[in-house]
Amino acid sequence: MLLPGILLELKHIADSQDTVKRERGRKGLEALEKLRKTKKMKVLILSEEEEKRFNGQQVDEKLTKMAKMHKGKIITCDYNLEKKATIDNVVAIN
């Protein structure tokens, strides 16, 4: 499951003037594409309307609530997001 806002942010990072950020963004987009092509995993990109239902909430909160709603899992490099998801009974892979 992927929120449109997060996908847009990842694209901006991949276009960054900062070489390190740009490389990380591009690696993130490549990893996402590999996940989408894998048959063992379903990647769902949610609509902007669905994301708007959770406006005013922190991104981590949106992710955990939507993952719970769709019975999804979170894949992240963010240690705090992983712990927050685990507390909310959402499977998170770091």
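Here the structure is shown first, and the text comes after it.
The rules behind the values
Residues numbered from 1 in each chain as written. Predicted model: local features only at pLDDT ≥ 70, side-chain atom pairs only at ≥ 80, totals over all residues. Heavy atoms only, no water. Salt bridge = Lys/Arg side-chain N within 4 Å of Asp/Glu carboxyl O. Helix = DSSP H or I, 4+ residues; strand = E, 2+ residues; numbered from the N terminus. Buried < 20%, exposed > 50% of the residue type's maximum accessible area, 1.4 Å probe, protein only.

As a further point, take the pattern of salt bridges. Taken as a whole, this structure holds four salt bridges when the rule is applied. Between Glu61 and Lys65 there is a salt bridge, with the nearest N and O atoms lying 4.0 Å from each other. Pair noted here: Glu61 and Lys65 are both in helix α4 (residues 59–69), with a separation of four residues, about one helical turn. With a relative accessible area of 34%, Lys65 lands in the partly exposed category. The salt bridge involving Lys84 is made with Asp88; its shortest N-O contact spans 2.7 Å.

Next up on the list: the environment of Arg26. Relative to the elements of secondary structure, Arg26 occurs in helix α2 (residues 19–37). As a C-alpha pair, Arg26 and Asp15 span 11 residues in sequence and 8.3 Å in three-dimensional space.

Another aspect to go through is unusual backbone geometry. Note: most peptide bonds trans; most residues except glycine with negative phi. Non-glycine residue Lys71 carries a positive phi angle of around 55°. Following the sequence through the fold, Lys71 ends up in the loop between α4 and β1 (74–75). In this model, Asn89 sits at a positive phi of 60°, which is unusual for a non-glycine residue. Within the element layout of this structure, Asn89 appears in the loop between α5 (79–87) and β2 (92–93). The class of Asn89 is exposed, set by a relative accessible area of 66%.

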